[in-house]
Amino acid sequence: MPSPPSPACPLCGDTGPKSLLQTWREYQIFDCPSCAIAFSDPFKNPGPEYYAKFEDLYPHQAQETTDPTTFEYDEGLAFLKRSLPPGASLLDVGCGGGGFLNRARREGFDVTGIDFNETRLRAVREKLGLEKLHAMSLEEFARSRPPESFDAVSLYQVLEHLDRPADWLGHIRNLLKPGGWLIVGVPNRERTFDPLVGPGMEELDNPPNHLTRWTAAALRAFLEKNGFEVSEVRALPVPRALLALMLRNSLRLGLATKALKTDQLQHVETTERKSGDGRKKIILGLVGIKESILNMAAAIIYPGFRLGCAMFKLQGIVLFAAARRPLR
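Residues numbered from 1 in each chain as written. Predicted model: local features only at pLDDT ≥ 70, side-chain atom pairs only at ≥ 80, totals over all residues. Heavy atoms only, no water.

**A short note on the sheet that holds strand S1 (residues 19–24)**
Here comes step 1: The strand order across the open sheet formed by 4 strands is S1-S2-S3-S9, and the pairing between neighbours is antiparallel. Single-partner strands in this sheet number two, and they are S1 and strand S9 (212–213).
Here comes step 2: Pairing between strand S2 (residues 27–31) and strand S3 (residues 38–41): 4 bridges, direction antiparallel. Pairing of Gln-28 across the sheet is with Asp-41, part of S3. (Pairing = 2+ DSSP bridges. Helix = DSSP H or I, 4+ residues; strand = E, 2+ residues; numbered from the N terminus.)

**Structural notes on the environment of Arg-105**
Here comes step 1: Assignment of secondary structure puts Arg-105 in helix H2 (residues 99–106).
Here comes step 2: On the basis of relative accessibility, which here comes to 32%, the residue Arg-105 falls in the partly exposed class.
Here comes step 3: For the pair Arg-105 and Leu-90, spaced 15 residues apart in sequence, the C-alpha separation works out to 9.2 Å.
Here comes step 4: Sequence-distant contacts of Arg-105, defined by excluding residues within four places in its chain, comprise Val-111, Leu-128, Gly-129 and Leu-130. (Buried < 20%, exposed > 50% of the residue type's maximum accessible area, 1.4 Å probe, protein only. Contact = heavy atoms within 4.5 Å.)

**Remarks on H2**
Here comes step 1: Taking burial as the measure, the 8 residues of H2 include 6 buried ones, the bulk of the element.
Here comes step 2: Along H2, the positions that sit buried rather than exposed are Gly-99, Phe-100, Leu-101, Asn-102, Arg-103 and Ala-104.
Here comes step 3: Residues of H2 that are buried sit in contact with helix H1 (72–83), strand S4 (89–93), strand S5 (110–114), helix H3 (118–128), strand S6 (133–134) and strand S7 (150–156).

**Thoughts on the nonpolar core**
Here comes step 1: With 40 residues, the main nonpolar core has Leu-155, Ile-172, Leu-182, Trp-214, Leu-219 and Leu-223 as its most contacted residues.
Here comes step 2: At the level of elements, S4, helix H4 (138–144), S7, helix H5 (165–175), strand S8 (176–187), helix H6 (216–225), strand S10 (229–235) and strand S11 (318–324) are the ones that each hand at least two residues to this core.
Here comes step 3: Grouped together as the second largest cluster of nonpolar side chains are 39 residues, Leu-90, Val-111, Val-124 and Leu-133 included. (Core = buried A, V, L, I, M, F, W, Y, C linked by side-chain atoms within 4.5 Å.)

**Side note on the sheet that holds S10**
Here comes step 1: Read across the open sheet, the 7 strands follow the order S6-S5-S4-S7-S8-S11-S10; overall the sheet is mixed. The open sheet has two edge strands with one neighbour each: S6 and S10.
Here comes step 2: Where S7 meets S8, 6 bridges bridge the pair, whose relative direction is parallel. Counted as the bridge partner of Phe-150 is Leu-176 from S8.

**Quick word on the confidence of the model for the protein chain**
Here comes step 1: Within the protein chain, residue pLDDT values average 88, and 87% of them lie at 70 or more.
Here comes step 2: pLDDT under 50 marks residues 255–275. Its contacts with residues more than four places away, or in other chains, come to 35 contacts. (pLDDT = per-residue confidence, 0-100.)

Right under this line is the structure:
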């Protein structure tokens, strides 16, 4: 019996044969030989309701700073500070808890954010005092603003979720001033280290959460195809905080998770340590001791770890890209 035909690539339109990389539940993940992007079939974003189950990753509270387990925010902010004058306008698409906007504001940028979660944006307004926040889609926001409104747009950990990524880049290109910068962060398909594995983690890098998987070459080609001049695309190193997380995950027995029903990625907060019955307090205390020991171990081995990664060209989990709208 002949195998069913491969679907057309939703990013480049190629209709030829494709390699089936993986089957995940009702989804198939294909590798497109033309654009080198892996995509899921069906290719459909599940909508805002789906992400409510990942409240640990997409929290409803405000965040004063950015996630320490990735360098993409540091790299993006440093790049924009080198490339733009003080007071430049910045739009963060999918701004989440506002950590990057808060940091950028402190550096003198005029910041605006959009996100689909109004509850989260309300918390950001109240705690951080960020006012230019909009609970709407990028398409709606682009219709509400005149073209060429921003000096820079950041798109962190968003592109891999989109079922119309080329349309989003078109809206961003229109919102950028000529010569304006786009900063992108996506998971690295060619990563050597992968914390997104193990019990409870399978959904994070699979559809419908992540619809595409990117290499540096594929990301560069996609940005260029959609009208951007690419300055750089590269895999970022593994931060020390992520190394500590990987150590914790590799030595995880699951006892605390089962006892407390806490998610694998959640950090145990001080308030949680003070609450609950005696059994919980004992478990949380042991978890805290274990985390402290592994954090110290990560700090000790981190310089050697970074040196080994550089020597053997081992890749981190995040790709960073900077591209600009052409001047003409």
